[in-house]
Amino acid sequence: PSLDHLAKQIDTGAHAFSSTNSQAVAAWASGDYEKAVSLDPGFGAAWSSWVQARMAAAGNQEAKQQAIDIAARALAQPNLQSPVDRAQLEFVSATLRQDEPAQERALTALARLMPHDVALLRQLATRETNARRFSEAARYYGLILQEAPDDIEMWNQLGYAQALGGDLESAQKSFERYGRDPARTANALDSE
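Residues numbered from 1 in each chain as written. Predicted model: local features only at pLDDT ≥ 70, side-chain atom pairs only at ≥ 80, totals over all residues. Heavy atoms only, no water.

A. Local environment of the environment of Asn79. Tracing the backbone through its elements, the reader meets Asn79 in the loop between α5 (61–75) and α6 (83–97). The partly exposed category is assigned to Asn79, whose relative accessible area is 38%. When the C-alpha atoms of Asn79 and Met114 are compared, they prove to be 21 Å apart, with 35 residues separating the residues in sequence. With residues near it in sequence (within four places) discarded, Asn79 still touches Pro41 and Gly42. (Helix = DSSP H or I, 4+ residues; strand = E, 2+ residues; numbered from the N terminus. Buried < 20%, exposed > 50% of the residue type's maximum accessible area, 1.4 Å probe, protein only. Contact = heavy atoms within 4.5 Å.)

B. Inspection of the pattern of salt bridges at higher detail. All told, the structure shown has ten salt bridges when counted by the stated rule. Between Glu100 and Arg127 there is a salt bridge, with the nearest N and O atoms lying 3.2 Å from each other. Of this pair, Glu100 sits in helix α7 (residues 100–113) while Arg127 is found in helix α8 (residues 118–130), placing the two residues 27 residues apart along the sequence. Using a relative accessible area of 48% as the deciding quantity, one classes Glu100 as partly exposed. Salt-bridge contacts for Lys173 lead to Glu169; the nearest nitrogen and oxygen are separated by 3.6 Å. Remark: Glu169 and Lys173 occur in helix α11 (residues 168–179); sequence separation between them is four residues, near one turn of the helix. (Salt bridge = Lys/Arg side-chain N within 4 Å of Asp/Glu carboxyl O.)

C. Up close: α7. The end-to-end C-alpha distance of α7, which contains 14 residues, comes to 20 Å, matching closely the 20 Å that a straight helix rising 1.5 Å per residue would cover. Within the span of α7, buried status applies to Ala102, Gln103, Ala106, Leu107, Ala109, Leu110 and Ala111. You can read the cap of α7 off the contacts: a side-chain oxygen lies 3.1 Å from the backbone nitrogen of Ala102, and it is on Asp99. (Expected span 1.5 Å × (residues − 1). Polar contact = N/O pair within 3.5 Å; in protein donor to acceptor, adjacent residues only side chain to side chain.)

D. Main features of the packing of helix α4 (residues 44–56) against α5. Where α4 meets α5, the axes come as close as 8 Å, and the angle between the chain directions of the two elements is 170°. The pairing of α4 with α5 is recorded here as roughly antiparallel in orientation. Residue-level contacts link Trp47, Trp50, Val51, Arg54 and Met55 of α4 to Ala63, Gln66, Ala67, Ile70, Ala71, Arg73 and Ala74 of α5. Taken together, the residues of the contact of α4 with α5 break down into nine nonpolar, one polar and two charged. (Axes fitted to C-alpha atoms, helices over the stretch in contact; angles between N-to-C directions. Parallel < 35°, antiparallel > 145°, perpendicular 65-115°, else oblique. Nonpolar A, V, L, I, M, F, W, Y, C, P; charged D, E, K, R; others polar.)

E. Structural view of the side chain of Gln162. With respect to the helices and strands, the residue Gln162 is situated in helix α10 (residues 152–164). Among the residues examined, Gln162 registers a relative accessible area of 13% and is labelled buried. At a separation of 2.6 Å, a polar atom in the side chain of Gln162 contacts the side chain of Ser174.

F. A look at the nonpolar core. Core analysis: the biggest nonpolar cluster contains 26 residues, and Leu107, Leu110, Leu120, Leu124, Tyr141, Ile144 and Leu158 have the highest contact counts within it. Of all the elements in the fold, those that place two or more residues in this core are α6, α7, α8, α9 (134–147) and α10. Of all the elements, α9 adds the most residues to this core, at six residues. With residues near it in sequence (within four places) discarded, Leu158 still touches Ala138, Tyr141, Gly142, Leu145 and Ser174. With 19 residues, the next largest nonpolar core counts Ala24, Val51, Leu89 and Val92 among its residues. (Core = buried A, V, L, I, M, F, W, Y, C linked by side-chain atoms within 4.5 Å.)

G. Layout of the packing of α4 against α6. Relative orientation of the contacting elements α4 and α6 amounts to 20°, with a least axis distance of 9 Å. By the angle class used here, α4 and α6 are roughly parallel. Like other packed secondary-structure pairs, α4 and α6 cross with a definite hand, here left-handed. Where α4 approaches α6, its residues Gly44, Ala45, Trp47, Ser48, Val51, Gln52 and Met55 are matched on the opposing element by Asp85, Leu89, Val92 and Leu96. For the contact of α4 with α6, a count of residues per class yields seven nonpolar, three polar and one charged. (Left-handed = near helix turned anticlockwise from the far one by under 90°.)

Written out as structure tokens, the structure reads:
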């Protein structure tokens, strides 16, 4: 509770840790995920870690199926503490099952819950670009640049998304911003 309070003071959008059961947290920290979730069935981070551990061993179909089963058990918990953990488990489960619409729903939910997570925003921008939804991709690149305005490469990506989405004026400005970096000037002209 003290760390959750401190985290909220640092970042008002911080989410509480997904367990207050010290024995479950100790089991999770030592890698005994099954024990952790038996002590606290709502401990989302332990469920996620357990799924990730099985996925890492997923060189075979049996381990992959075990990861799918563990994720399903986790998502069946009505008292899963953290909405972030639930959305992450939904994404992993959808990925394992190769369910693209469910992956997209989970990522969108994660973006609402963690709007400042640049890695997540990049993933969403890339997915939108690959799906040829350029206006939505441009929106995500814009959000990335709000968090990391000096990420020069994102200005180029934003310009392409804007151009392919039909917003040529904004694309021109993004490419100009990209070209202010002396190392990118030639590429910015090529992009324009």
